[in-house]
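# Architecture and fold: a report
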Amino acid sequence: MTPRIPFNRACFVGTEQQYIAEAVSNGHISGDGRFTARCEEWFGQRLGSPTLLTTSCTHALEMAALLAEVGPGDEVILPSFTFVSTANAFVLRGATPRFADVTPDTLNLDPDSVEPLLSDRTRAIVPVHYGGVACDLGRLAQQAEGVGAMVIEDNAHGALAKLGDRPLGTIGSLGTLSFHETKNITCGEGGALVINDPSLVERAEILRQKGTNRKQFLRGEVDKYTWVDLGSSYVMSDILAAVLWAQLEGADEIHRQRRLVWEHYHAELAGWAVANDVQLPTIPPGVEQGYHLFYLLLPDSQSRDRLIDHLGERGILAVFHYQPLHLSEMGRRYGGATGDCPVTESVSSRLVRLPFFHDLSNDELGDVVATVRSFTP
Ligand SMILES: *Cc1c(COP(=O)(O)O)cnc(C)c1O
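Since the model is a prediction, treat every value here as computed from it, not as a measurement. (Residues numbered from 1 in each chain as written. Predicted model: local features only at pLDDT ≥ 70, side-chain atom pairs only at ≥ 80, totals over all residues. Heavy atoms only, no water.)

## Section: the packing of helix α2 (residues 34–47) against helix α9 (residues 238–249)
Axis separation between α2 and α9 bottoms out at 7 Å; the angle between their running directions is 40°. Taken together, the axis directions place α2 and α9 in an arrangement best described as oblique. Seen from above, α2 lies across α9 with left-handed handedness. Contacts between α2 and α9 involve R34, F35, T36, R38, C39, W42 and F43 from the former and D238, A241, A242, L244, W245 and L248 from the latter. Tallied by class, the residues present in the contact of α2 with α9 amount to nine nonpolar, one polar and three charged. (Axes fitted to C-alpha atoms, helices over the stretch in contact; angles between N-to-C directions. Helix = DSSP H or I, 4+ residues; strand = E, 2+ residues; numbered from the N terminus. Parallel < 35°, antiparallel > 145°, perpendicular 65-115°, else oblique. Left-handed = near helix turned anticlockwise from the far one by under 90°. Contact = heavy atoms within 4.5 Å. Nonpolar A, V, L, I, M, F, W, Y, C, P; charged D, E, K, R; others polar.)

Quick look at the structure:
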């Protein structure tokens, strides 16, 4: 049965089809066309760092792993509480993932849990800004510097979010963004690599273009293009870039609407949460969050499952989130065991995400809030 209120509804601003048609009539539907250039310029201005569109955030992470030159014997520290791509990108290069725990307030990588994993084998620390709420990057950056490792921000959730006045994705050496349909700004499948270390720009362009210096050739910097390095096909089609451009023109409005949804949930559920020992998201001071999701942390896994059923029976689709990577089939092959990341293990069994998309109407919001409030954990 299709739920009355879905968990996600893909966001369309209305100009997507027009721009797709324009990309087609431009006669350039492969990568690095006019729409790609516009999108990359938009990010370059917003973020203040060169940004390359990629086929996905997963692929941007793979490029980051290549740029960090990680390989067998190297270790990469990342939260267990994340999507598989954060780990896989590095595992594909032969590196060993070391799973750290998250803090119970923001569910972001906990520097105290990172500390004992640091060694001269650590080549990168990969924080995830969960829900688009900034990690404690100051301390993580210090830890990375102490062992000569790189910070790579998996910023799939926080495209327009900030820490102080610094956009997320621009603080580590590299940052990645996702434009998957489930993310705030989308072109169906897509991503971007934000390159904050200027010494990595040229190599990033080459890796993205199948290991060729095609980009330099197109700029007239070299007179022929050839195979110069490792690489793969990480370039986004200009048809998808056209969809993304429509979304970027509407990005501030999407962000505003999502903020209203988030604030509505937070205000309307605060009293119920306190009365029922339910934890709502924590936004630390100085953090301008990304409004990517709204979650509830129930007292235990049974009440979480009962709440999902309670909402489901009333036509509302609410869902859990990441299962701990260190306890997955792959994670266990890297030595993961129960008890390694106690906060992750606990929150992943108690977390539920409420329907969250930019055009969730006031009626729908009221309906979800009333249905949650009618539940006793
Ligand atoms: C969605 C997501 C990804 C993967 O993004 P794709 O664009 O689908 O490859 C990676 N990391 C996190 C934290 C995500 O939420």
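## Here we look at the pattern of salt bridges
Following the criterion strictly, the structure yields 21 salt bridges and no others. A salt bridge links R38 to E22; the shortest N-O distance between them is 3.8 Å. On the criterion of sequence distance, the pair formed by R38 in helix α2 and E22 in helix α1 (residues 16–26) is long-range, its members being 16 residues apart. In this structure R38 comes out as partly exposed when scored by relative accessible area, which is 32%. A single network of salt bridges, built from pairs that share partners, joins D32, E40, R208 and K215. (Salt bridge = Lys/Arg side-chain N within 4 Å of Asp/Glu carboxyl O. Buried < 20%, exposed > 50% of the residue type's maximum accessible area, 1.4 Å probe, protein only.)

## A short note on the sheet that holds strand β7 (residues 166–167)
Either a parallel or an antiparallel arrangement is found when strands of a sheet pair, and the pairing is made through backbone hydrogen bonds. With respect to topology, three strands assemble into an open sheet ordered β7-β6-β10, the strand pairing being antiparallel. The sheet terminates laterally at β7 and β10 (287–288), the two strands that pair on one side only. (Pairing = 2+ DSSP bridges.)

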